[in-house]
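These are the residues of each chain, in order.
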4 protein chains.
Amino acid sequence: MNICYTFYMDTDERFTDGRVPDAKIRILFQDEHRWQRWLDVEAALAVAEAELDIIPVEAAEAIKEWSDIRKLDIERIREGRRKNSHKIMSLVTELSNAVGDPHGGWVHWGATAENIHRTGDMLLLREVHYVLLDLIGQSFSAMASLAQKGEDMVCAGRTHGQQAVPITFGFVVAGWIDEFSRHVDRLHEIEPRIFTAMMGGAVGNYASLGEKGPKVQAKMAQLLDLHPMAVPSRAMSDAQAEYVCILGLLAGTTGKIAKEISLLMQTELAEVYEPMPKGTISSSTMPHKRNPQLADDCIAFSAEVRALVPLALEGMLHDYEVNGANTTMTDDAIKRACILTGDTLTRLIVILSGLELNEDRMRSNLEITGGLLSSEAIMLSLGKVIGRQHAHEVVYEDAQESAIDKKPFKEILLHDHRVTDCLDEDTLSRLLDPATKIGLSAKISRDGAQKAHKFAEELQHKGNHGLMKEDRIHMSVLHNVQKLHN
Amino acid sequence: MNICYTFYMDTDERFTDGRVPDAKIRILFQDEHRWQRWLDVEAALAVAEAELDIIPVEAAEAIKEWSDIRKLDIERIREGRRKNSHKIMSLVTELSNAVGDPHGGWVHWGATAENIHRTGDMLLLREVHYVLLDLIGQSFSAMASLAQKGEDMVCAGRTHGQQAVPITFGFVVAGWIDEFSRHVDRLHEIEPRIFTAMMGGAVGNYASLGEKGPKVQAKMAQLLDLHPMAVPSRAMSDAQAEYVCILGLLAGTTGKIAKEISLLMQTELAEVYEPMPKGTISSSTMPHKRNPQLADDCIAFSAEVRALVPLALEGMLHDYEVNGANTTMTDDAIKRACILTGDTLTRLIVILSGLELNEDRMRSNLEITGGLLSSEAIMLSLGKVIGRQHAHEVVYEDAQESAIDKKPFKEILLHDHRVTDCLDEDTLSRLLDPATKIGLSAKISRDGAQKAHKFAEELQHKGNHGLMKEDRIHMSVLHNVQKLHN
Amino acid sequence: MNICYTFYMDTDERFTDGRVPDAKIRILFQDEHRWQRWLDVEAALAVAEAELDIIPVEAAEAIKEWSDIRKLDIERIREGRRKNSHKIMSLVTELSNAVGDPHGGWVHWGATAENIHRTGDMLLLREVHYVLLDLIGQSFSAMASLAQKGEDMVCAGRTHGQQAVPITFGFVVAGWIDEFSRHVDRLHEIEPRIFTAMMGGAVGNYASLGEKGPKVQAKMAQLLDLHPMAVPSRAMSDAQAEYVCILGLLAGTTGKIAKEISLLMQTELAEVYEPMPKGTISSSTMPHKRNPQLADDCIAFSAEVRALVPLALEGMLHDYEVNGANTTMTDDAIKRACILTGDTLTRLIVILSGLELNEDRMRSNLEITGGLLSSEAIMLSLGKVIGRQHAHEVVYEDAQESAIDKKPFKEILLHDHRVTDCLDEDTLSRLLDPATKIGLSAKISRDGAQKAHKFAEELQHKGNHGLMKEDRIHMSVLHNVQKLHN
Amino acid sequence: MNICYTFYMDTDERFTDGRVPDAKIRILFQDEHRWQRWLDVEAALAVAEAELDIIPVEAAEAIKEWSDIRKLDIERIREGRRKNSHKIMSLVTELSNAVGDPHGGWVHWGATAENIHRTGDMLLLREVHYVLLDLIGQSFSAMASLAQKGEDMVCAGRTHGQQAVPITFGFVVAGWIDEFSRHVDRLHEIEPRIFTAMMGGAVGNYASLGEKGPKVQAKMAQLLDLHPMAVPSRAMSDAQAEYVCILGLLAGTTGKIAKEISLLMQTELAEVYEPMPKGTISSSTMPHKRNPQLADDCIAFSAEVRALVPLALEGMLHDYEVNGANTTMTDDAIKRACILTGDTLTRLIVILSGLELNEDRMRSNLEITGGLLSSEAIMLSLGKVIGRQHAHEVVYEDAQESAIDKKPFKEILLHDHRVTDCLDEDTLSRLLDPATKIGLSAKISRDGAQKAHKFAEELQHKGNHGLMKEDRIHMSVLHNVQKLHN
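This structure is a prediction, so every number in the text was calculated from the model and none was measured. (Residues numbered from 1 in each chain as written. Chains lettered and ligands numbered in written order. Predicted model: local features only at pLDDT ≥ 70, side-chain atom pairs only at ≥ 80, totals over all residues. Heavy atoms only, no water.)

K.L.:
Can you walk me through the overall build of chain A in this structure?
P.N.:
A tally of helices and strands in chain A yields 17 helices and six strands. Taken against the 2.2 N^0.38 rule, which gives 23 Å for 486 residues, the C-alpha radius of gyration of chain A at 30 Å runs more than 25% over that of a compact globule. The proportion of buried residues among the 486 residues of chain A is 71%. In chain A, of all internal contacts separated by at least 6 residues, the share reaching a separation of at least 24 is 77%. (Helix = DSSP H or I, 4+ residues; strand = E, 2+ residues; numbered from the N terminus. Rg over C-alpha atoms; globule rule 2.2 N^0.38 Å. Buried < 20%, exposed > 50% of the residue type's maximum accessible area, 1.4 Å probe, protein only. Contact = heavy atoms within 4.5 Å.)

Set out below in structure tokens:
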């Protein structure tokens, strides 16, 4: 094998990456950033223990001071890990050495490795969470505009791929908004369950800290704005698995939206188009093609996120007080699901913000069936006179004749005395006009847009605010030490 | 193929079925019961429409009167379905004919088939939900007793399959209780999202009922104690998929518990035993065997439920305004997940209620390592004198020597002056006694038992109460017609 | 809960079942049939052991005589199972009692339960296998006709949902045939791996039979026309998992075909139609609808079978020498995957045999793009003069202009001197005619049809022949005893 | 968010990476290497087309000359891709420009992008395939040694976690070898199905090359030592999905082996130990721990690979003639499954090569049941006198009494006259000695070791040979041009 590349690079780059901004999630999972979050926990632990008179205040202060990845030797940590095959020991050693005598020995006091990295990973995940909320907010913003734009655009409603009754395009978007809004509820509801601090020692029974254990955990949690765990067992990953489930549910919706756009872009429908910047090439051989490139990405990523859900669920089946294999399954499922969700949402925002709506084609597609689309309306009107069941039979027969003999539906109706005995031609014409049959599509669109605007604002605020708060947490821990000291 | 059996029977019977009561969930999904729930919806729809002056009160009364599966010809409905290949039309026709002229024509007025069967299926699912809550309540009850019983039973805590530090058995159960309690939160939180009434017509835009549509849906929902859908689109199954996710998460926990029991039953550990009634045979060739039969079932069903989650998620990807394939995926995933969850919980209750705890073996297993299990305690004591890092190195070396040379840990420690300089023999002996090192295991057990008792009571109440309410709903719809009429 | 139904019935009935014949697979998994296959193994075991002088010939003869489920008391077996919670013990006891003294004691000699039921299940699976091969044969037959019928029907080839270049409909079917043909190869290749006899005793090391063990297994295998296992370990289910994988792959193809048909049935395309017998109702409210009911079933079942693959794979992870949970996972995955595959193939055969092809719509759809579909042909012709890259740029610009300004492609080309400098109007017109651009579509269709005919014949022969052979196996075991005896 | 890292780095590094060599698979999927394989296809295409008089020989020669990634501007290709959002166009353009006038225009002649990258990806996958075969060969080598080493080491066979009957450790390994050997068969059988060349143009009907199309594809395939596709449709990924299935099956086995080792390492069993190099730290707080770190990795990766199988199967459901989303699913599933399989096998080789076997503990564990393990042997001996059913009852009662009353089994047997009437004490003692009851365990171990040695040699040869051949392919294409030219 002639391979001479000198270092390993990301192989995840997509050919569409140039068309979308980076979601900024991948970078949060990098070692350096992750380690900083772990250091935040070491610092908070030290402060909490100092406050509870377990370690000297000076030690806590020193540990806090050095819990800054920029002050540590990253290469030495990495090298140490390679040698001792331990997730965090070399980081702890580096920190301990940096703090030096006499305080270095108090680093990591009473903690087990997983207490630190799992709590730190929750800080990291919370940052990802805020990034995702912000991206979801931006998605709502784009959907709000779309729902408004398509409020009155009459198009075919389709069930089982068959034109059914007329709707407006905004109604479709209102459905997406409704589904998205429940994902937001889910993401809010999980917060107290997942953003937790764990400080129960090797197996979660506070063996190392004893009676003071729960207090240390509570104080540490407070410093990090996390919830203390009721039972700080390492064998529990239900909340993480649930998070992946929620991302899986979100992927169900993003996949549906992307698939819908891709279907509506079919040459024969051509009702909407994903934006295609100048210079983009869909096909090297068919210059006319406008492929749903980003929608395709979203569909693929939806499948990939959904495929991670069983992994996260399998991760829950720890043996005894913890099992390393399960921890790895859980961590990998979370990481990949978050990264893929970010990549999906950035694409979705680009698609929805720039979606071209082709009102003419929506209209002309409605006319393909020659009025069959109004069969329900005719049946209901007829039903008022001859009863619903009889009406269904009459209209069913006429509709089948129209479809099979390829004759206009109206013509057949006008020749069926069972129909003309009850409805005159004017009434029939009115009933056959799709625009009069859209029900409350427009109102539902408006309500959806309003709801989406509200969500957009709230989530972008919460997301940005949250990210700022994360930075403050780092600072507040520091401040706390100072206060204690004085 | 020589096959001469005259009718198809269930092939799902398990050889362990004789050991557990039936969960009573399978039967809820039978056609007859399901159809009754659909009829409840037809009745509620008629009543709601009568109240809103859409159909005559007399029609509603008649429809209500006949919306009783016991009064209809089940074989004719089934035969009709076989002929028309439609999920509900033959039921509607049967009801319509039973009501007869002049009111029969008002049956199903303005509804599309899926409005009825999806809303009815939600009524059915709510019954299943109450059955599950009751079973979960019973599980809590069994776990509460176990946590109390094992409160002070000292045993080995194990991480990565290796004995780590001592705990009590009750602590393990407290972890299960904690995880179960979050599933209850999830099951409560989903209720308003999933128990919804849909009455938006063919594609969900109220085309058939117009302005009155939302009112009909709201009234119908109220009669059935459901929540009206904001956008009654048929293309949304996020709530159903979420329900399967929650059952998947629950399966993560039940699988974990069952696996734990099965591991603790290993001949070499023998700390607990699944109850085995007289007459049960584990092996046809090895008469001494006591296999974890029910635990094995639970582990297998856990895998089966988890495998349904991706199906439910894939079901979300509807095309356009609805797709029949996706509806089938969703319905099948829900049905099987519920049935399997019921079969799991009944088994789990039998296991947990009758679990034999072998305190002697718990104790003797703790002595296998000759004190290595106390290495953390020794390291921490030593660390107070020589610092945590140095202490780790010293104890690590002695522990490795003990493991490799198979010498008692204590003996090695007593010959290591780095240890004896700091700790005398009495202190060492105390540190090496596992019973002194269980941390807050007992307190956590007690708290868990208390929590579990509370949940047990609440859930069994809610479950039973809920099932009674479901019966009342049927009645209240009837009552409503009477009131309207007078 | 008011439930008063007296016995549990199948809840798996589909509303479309009336439109398709039963696959006859469900019934093979019923207890009675399954038990007969287990009895066949008990008989073969006895015969083999008699031949190797392990048990008396008379005993083997008696056991063979009574290994007939029709002679045993099914209710007593079922009742026994309920009491002893053992998969097979009560069947063995019933057989043993039926044989009576002095030979009854030789029943099941040296066997462990799983030796019998796993080997019997393989006989059962082989019957299913033959049924599936026959159904696949019938599918090939339908595809062969379709490929011939559509050989010259010009239609749009579409990539990413966008019309790309013209093909014929037969070409599409040839692709399905090609994919199916590889599934047949897979199903053939797995036969020696999966159709195996296991007779290694409790853990597979022939402890009970010693040196004669492998000979007994070999003889028993020969009697049943199975392959003896190299290592008769019960902890191996790779072949069963592989079988589910192959059904998963087949489901990938059947799902693709069904989805394709469903897409081509979209109102806007209307190129093909699933047959719809008179009396079938697609919608209770929209009488004109012709839904892809059976195609939808196939799509849903595809998802369900695919979702069973991870279950079968997880089933492989046995602990130690066998784990009951894994056996259950494997057995359930196999059973459901086989049943669902049968239900899929019967539907697919109905769809493909009756598929309506709408040549007019295929043609008219091709004209939607106003010639854009021929852009590749024009680019290639142009490329011969000005080079491929330049040609791509020119045609790309003109195609984009046509799409954006909605002007006919030909008109734009005729106004672009970069084009007209190289190609005259006649050449352009010829290049723009789709029928001249179908490449080898027709030839590929013909080759496909021929291949499919060959497969159809072979598989239907092999399937039917196989099923007859299974019946003969039962007889030959009997015959063998006779021979031995004389 | 304070993020200031300048470039994205791999986040896939594991803390155990320092303990295992790199599998060298990740690097094969890097852009540069992948592009080289695509260039190989461009070269082969040009050569094939020259040979068939479609493009000038000089053009083919020039294209071949420049089809070398080292001669092209990688940054420009990457930049071009970012701009045009096309997977391969910027590489083609770069190659075309490098070749320059007059031959550059012949680059990619008649091809569609996917023809090139899919065929190239198959070349890449074949390299991965050879690497995997080599790693599997090394695994066989390690298993062969283990099977030999453990040939006569008597230990407990366990079913359902319960000690069942004695085996030798080598017997367990022989089971692994047997299962692995079938994976090799699968990997061989798939070769002709997956290593295929595709050159059918935009949709696979040879529209661009016409009658010469199949010949070009055949020639190109021959140059690359691939099989030509029967129907070169882009909508087929059954072979790729099958490859992922096979890796999923392999993951079933590697997961099983790793789980087994992890179970046997449990403190209470301690029969085997994963090697642990000096300096490795299992726990930051429990210095005595020896965690199954690499086994845990293997278990986790097994779950991750298995979770990719449904993704690959879902990838098969292309719409129409191809769908980009499905291609992405397939490609991502393949890539990740291969990388994870490589990481698994390297770990497995380290584990198996260095596995410590603790014969003393195997022996002492066998004595835990006080002879219960021999109940089958006693039952069979007893059965010869009093019949199998009666014997089962007697031994079952005695075994239960022994287990419940915790009295030695032998003692109880000696006090049961039903036993002593038939068997004397000497016979009983002999029957209770586990070493006499291992059946053919040792022979099966030996056979397994022999088989494994053979496979080891063959696969390492095939793997290394294959990789050399891949390098030659690059050369031979070049050579071919020369020959043509002369």
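Moving on from the coordinates now.
K.L.:
Whenever I open this one, the relation of the copies chain D and chain C confuses me. Can you help?
P.N.:
The relation between the two copies of this chain is a rotation about an axis and a shift parallel to it. For the pair chain D and chain C, the relating rotation is 180°, the translation along its axis is 0.0 Å, and the fit reaches an RMSD of 0.0 Å. What the rotation and shift describe, once combined, is the action of a two-fold rotation axis. For chain D, the minimum C-alpha distance to the rotation axis belongs to Cys245 of chain D and amounts to 3.2 Å. Comparing interface residues between copies, 100% of those in chain D also sit at the interface in chain C, which points to an isologous, same-surface contact. (Least-squares fit on C-alpha atoms with pLDDT ≥ 70 in both.)

K.L.:
Would you mind showing me how to read the nonpolar core here?
P.N.:
If you look at the biggest cluster of nonpolar residues, it comprises 651 residues, and the most contacted ones within it are Phe169 of chain A, Phe169 of chain B, Phe169 of chain C together with Phe169 of chain D. Other than its neighbours up to four places away in sequence, Phe169 of chain D contacts Leu146, Gly150, Met153, Cys155, Trp176, Leu264, Val272, Leu355, Leu357 and Met362 of chain D. (Core = buried A, V, L, I, M, F, W, Y, C linked by side-chain atoms within 4.5 Å.)

K.L.:
For this particular structure, what's the right way to read the pairing of strand 1 (residues 154-159) of chain D?
P.N.:
For a regular strand, side-chain orientation follows a simple rule: the groups alternate between the two sheet faces. Residues and elements named next belong to chain D. Burial of strand 1 is extensive: six of the six residues sit out of reach of the surface. Bridge count between strand 1 and strand 2 (residues 162-168): six bridges; the pairing is antiparallel. Directly across from Val154, in strand 2, lies its bridge partner Thr168. Linkage of strand 1 to strand 2, two consecutive antiparallel strands, is achieved through a turn of two residues, within which His160 is found at a positive phi near 55°. (Pairing = 2+ DSSP bridges.)

K.L.:
What am I meant to see in the packing of aromatic side chains here?
P.N.:
A full pass over the atoms with the stated rule returns 16 aromatic pairs over all chains. Judged by centre distance (5.7 Å) and plane angle (75°), the ring pair of Phe140 of chain B and Phe180 of chain B falls under edge-to-face. Of this pair, Phe140 of chain B sits in helix 5 (residues 113-149) while Phe180 of chain B sits in helix 6 (residues 169-194), and the two are 40 residues apart along the sequence. Site record: aromatic cluster; members linked through ring pairs are Phe140, Phe180 and Phe455 of chain A. Lying over the aromatic face of Trp66 of chain D, Lys71 of chain D brings its terminal NZ or CZ to 5.9 Å of the ring centre. (Phe/Tyr/Trp six-rings, centres within 6.5 Å; stacked < 30°, edge-to-face > 60°. Lys NZ or Arg CZ within 6 Å of the ring centre and 35° of its normal.)

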